[in-house]
Amino acid sequence: MEKQLHLNLLPSRPPMAGGFQSGGSKMKMGPGRKRDFSPLLWSQYFETVEDVEVENENGKDIFRLYCSGANGPVLFLLHGGGHSALSWAVFTAVICSRIHCRVVAMDLRAHGDTKVKNPDDLSADTMAKDIGKVVEVLYGENPPPIMVIGHSMGGAVAVHTAAANHIPSLLGLCVIDVVEGTAMDALNSMQNFLRSRPKTFKSLENAIEWSVKSGQIRNVESARVSMGGQVKKCEESSSSPGVSNSIEGVIEEEEDEEVEEESNKKRMKEDDQEIKKESIFTWRVDLSKTEKYWDGWFRGLSVLFLSCPVPKLLLLAGVDRLDKDLTIGQMQGKFQMQVLPQCGHAVHEDAPEKVADALAAFMVRHKFTEFKEGYLC
């Protein structure tokens, strides 16, 4: 079986029969019932949103952060390639109900709503330095205890951040479904996968539907809140050529140009949500242009992970993902590992409750925090 790419990009394993079974999804569909693919707001999962300015040589970079919680250690969340902080939305709501903690989910450079002067520089070193700078702006010289948690590309950035000691108050490190060996093996098929994806979507709803039906995200609820961070409205009008209609039942055919123009004029008087439904959407990040950084994200990652002098947790979608260095390290007890079956690569989206349970137990075991009163673990 071809190994999956740890960039949060290659297709996940086919969804299990019977719909989307993940713990975070509330979409239990009966025969004949239509799934709801309408977008959900970030504010249903996070308490606040904040844009943090970071000084650099070329001016100011502005990083988008989504936050929750008022006390306890900080969980600093880093998303996968092409995704955004919104991929952590459902997980955030769950983990904040389990333990005393604060959550800071960050849009990495060139992703989501973060705006940087040099969006083409996606090297692991640059992104790791970004984390350190944001932490310094947020907390000054006395940052609170921080646990860095990263998925896929974000997991690689988390390891580089920890290894370079960019966070002096680092408590622990959690990496989700990224292993050097399988990631390096899968890079060869990366461009083919990117070419196979639709280039545009007729609406945000269509993008959400594609993400679920293609198996990229198996949790409908998470897809409804997170896909808005992956795609953006095109500058062209909805009647532009090239709208994807290659996925049967997902992407609608283009409407007649005149009808579309008339429809858009009427929609201008309606709310923003209705306007978005008639707009063409495309990917926020052109991942094919980041190829020169892929090797640097993952090469040497296992040894770097094992060298980090803090408690470490590795969450995987399948035990087949372990490479030689991690297998030896796991046998030597250098980190804790947990396999969460029946998940795709986007583990924290597919099964946010299972990931939250594993992380909560890990943090309480190491006395980083305590369970909330009334929570039965």
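What you see is a predicted model; the values in this text were computed from it and never measured.

Asks: Now, about helix H6 (residues 204-213): what can you tell me, with residues and values included?
Replies: The element H6 is largely enclosed, with a buried count of nine among its 10 residues. Among the residues of H6, those classed as buried are Leu204, Glu205, Asn206, Ala207, Ile208, Glu209, Trp210, Ser211 and Val212.

Asks: So what's going on with the sheet that holds strand E7 (residues 200-201)? Residues and values would help.
Replies: Across the sheet, which stays open at both edges, the three strands sit in the order E7-E9-E8 with antiparallel pairing between neighbours. Edge positions in the open sheet fall to E7 and strand E8 (231-233), since each of these has one partner strand only. Direction of pairing for E8 relative to strand E9 (residues 281-283): antiparallel, over a ladder of three bridges. The residue bridging Val231 from the neighbouring strand is Trp283, located in E9.

Asks: Mind laying out the confidence of the model for the chain, listing which residues take part and the relevant values?
Replies: Reading fine detail from the predicted coordinates is not recommended where pLDDT is low. Here the chain shows a mean pLDDT of 84. Residues at 70 or above account for 79%. Confidence drops under a pLDDT of 50 for residues 1-30, and excluding neighbours within four residues, the segment shows 107 contacts in the predicted structure. Between residues 237-277, whose pLDDT stays under 50, and residues either more than four places distant or in other chains, the model counts 63 contacts.

Asks: Residue-level account of the nonpolar core, with values.
Replies: Counting 54 residues, the largest nonpolar core has Phe76, Ile131, Val148, Leu173, Trp297, Phe298 and Phe305 as its most contacted members. At six residues, the largest contribution of residues to this core is made by helix H3 (residues 153-163). Setting aside residues up to four positions removed in sequence, Val148 forms contacts with Phe76, Leu78, Ala158, Ile167, Leu170, Gly172, Leu173 and Cys174. Of all hydrophobic cores here, the second largest spans 40 residues; its members include Tyr45, Ala105, Ala360 and Met363.

Asks: Quick rundown of the layout of surface pockets? Include the residues and the values.
Replies: Size it by volume and the largest pocket reaches roughly 680 Å³. In terms of lining, the largest pocket is formed by 27 residues, of which the most central are Trp283, Arg284, Val285, Asp286 and Leu287. Ranked by the residues each element gives to the lining of the largest pocket, the list is headed by helix H5 (residues 190-196), at three residues. When the residues that make up the lining of the largest pocket are grouped by side-chain class, the tally is nine nonpolar, seven polar and 11 charged.

Asks: Break down the environment of Lys117 for me, citing the residues and quoting the values.
Replies: Mapped onto the elements of the fold, Lys117 is located in the loop between strand E4 (102-106) and helix H2 (124-139). Relative accessible area serves as the criterion here: at 52%, Lys117 is assigned to the exposed category. Spatially, the C-alpha atom of Lys117 lies 9.0 Å from that of Ile62, the residues being 55 residues apart in sequence. Lys117 has contacts with Asn56, Asn58, Gly59, Lys60 and Asp61, leaving out every residue within four places of it along the chain.

Asks: Let's hear about unusual backbone geometry: which residues, and what values?
Replies: Apart from glycine, the bulk of residues carry a negative phi angle, and the bulk of peptide bonds sit in the trans form. Notably, Gln342 is not glycine yet its phi reads approximately 65°, a positive angle. Note on placement: Gln342 falls in the loop between strand E11 (336-339) and helix H13 (347-350). Assessed through its relative accessible area of 46%, Gln342 is described here as partly exposed.

Definitions and cut-offs
Residues numbered from 1 in each chain as written. Predicted model: local features only at pLDDT ≥ 70, side-chain atom pairs only at ≥ 80, totals over all residues. Heavy atoms only, no water. Buried < 20%, exposed > 50% of the residue type's maximum accessible area, 1.4 Å probe, protein only. Helix = DSSP H or I, 4+ residues; strand = E, 2+ residues; numbered from the N terminus. Pairing = 2+ DSSP bridges. pLDDT = per-residue confidence, 0-100. Contact = heavy atoms within 4.5 Å. Core = buried A, V, L, I, M, F, W, Y, C linked by side-chain atoms within 4.5 Å. 1 Å grid on protein atoms, 1.4 Å probe; cavity = no way out; pocket = protein on both sides within 12 Å on 5 of 7 lines; lining within 4 Å. Points joined across faces, edges and corners; volume = space filled by probe spheres on them. Nonpolar A, V, L, I, M, F, W, Y, C, P; charged D, E, K, R; others polar.

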